[in-house]
Amino acid sequence: MFLGTHEPRLDEKGRLILPAKFREELSPGLVITKGQERCLYVFPATEFATITETLRQAPVTAKSARDYQRVMFAGAHDEIPDRQGRVTIPQGLRTYAGLEKECVVIGANTRVEIWDSAAWNEYLADREKSFADVSEEVFPGLF
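Below, the structure is looked at part by part. (Residues numbered from 1 in each chain as written. Predicted model: local features only at pLDDT ≥ 70, side-chain atom pairs only at ≥ 80, totals over all residues. Heavy atoms only, no water.)

Right, let's talk about the environment of V87 for a bit. Here V87 shows up in strand β6 (residues 86-88). Residue class for V87 comes out buried when judged on its relative accessible area of 1%. Sequence-wise, V87 and K129 are 42 residues apart; in three dimensions their C-alpha atoms are separated by 33 Å. Beyond its immediate sequence surroundings of up to four residues, V87 is in contact with G14, R15, L16, L18, L30, I32, E79 and P81. (Helix = DSSP H or I, 4+ residues; strand = E, 2+ residues; numbered from the N terminus. Buried < 20%, exposed > 50% of the residue type's maximum accessible area, 1.4 Å probe, protein only. Contact = heavy atoms within 4.5 Å.)

On to the packing of aromatic side chains, then. Evaluated as defined, the whole model comprises seven aromatic pairs. Between F2 and F22, the aromatic rings sit 5.1 Å apart at their centres with planes inclined by 85°, giving edge-to-face as the arrangement. With F2 in the segment before β1 (5-6) and F22 in helix α1 (residues 20-26), this residue pair connects regions lying 20 residues apart in the sequence. On the numbers, 5.9 Å between centres and 45° between planes, the contact of F43 with F48 is tilted. Across the pair, exposure class does not vary: F43 and F48 are buried alike. Following the ring pairs from residue to residue traces out a cluster consisting of Y41, F43, F48 and F73. It is R111 that lies over the ring of Y41; its NZ or CZ is 4.4 Å from the centre. (Phe/Tyr/Trp six-rings, centres within 6.5 Å; stacked < 30°, edge-to-face > 60°. Lys NZ or Arg CZ within 6 Å of the ring centre and 35° of its normal.)

Below, the structure is given as structure tokens:
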């Protein structure tokens, strides 16, 4: 499980140093792809394989499933972090997420998300109030 918020920077080669606490789980290999709200999703390779198997179950005749899979897989990049825990984020993915230098890396349970720092701060400011004000069960039976 990935937890926490970290603030690494992209270097001039488009590399990002993964938070130390995430490296062990990601060191065998990872997949970076486009996520919702213009962030990037980073999955351990094993988790991405599970997701891929689930997506295979979607009917090819379902246009929304085809569209989602095309965008997700066409933008995906697999990589093994180097000895310093760095990964290179391809230019297309950096452009999609608006990544330049200042980044935020968050743990999001089974995945890591990479955000442009300003975009994350805006998203969080917008969502924290609604999170604090939740008055009904979002996940029935959990809380």
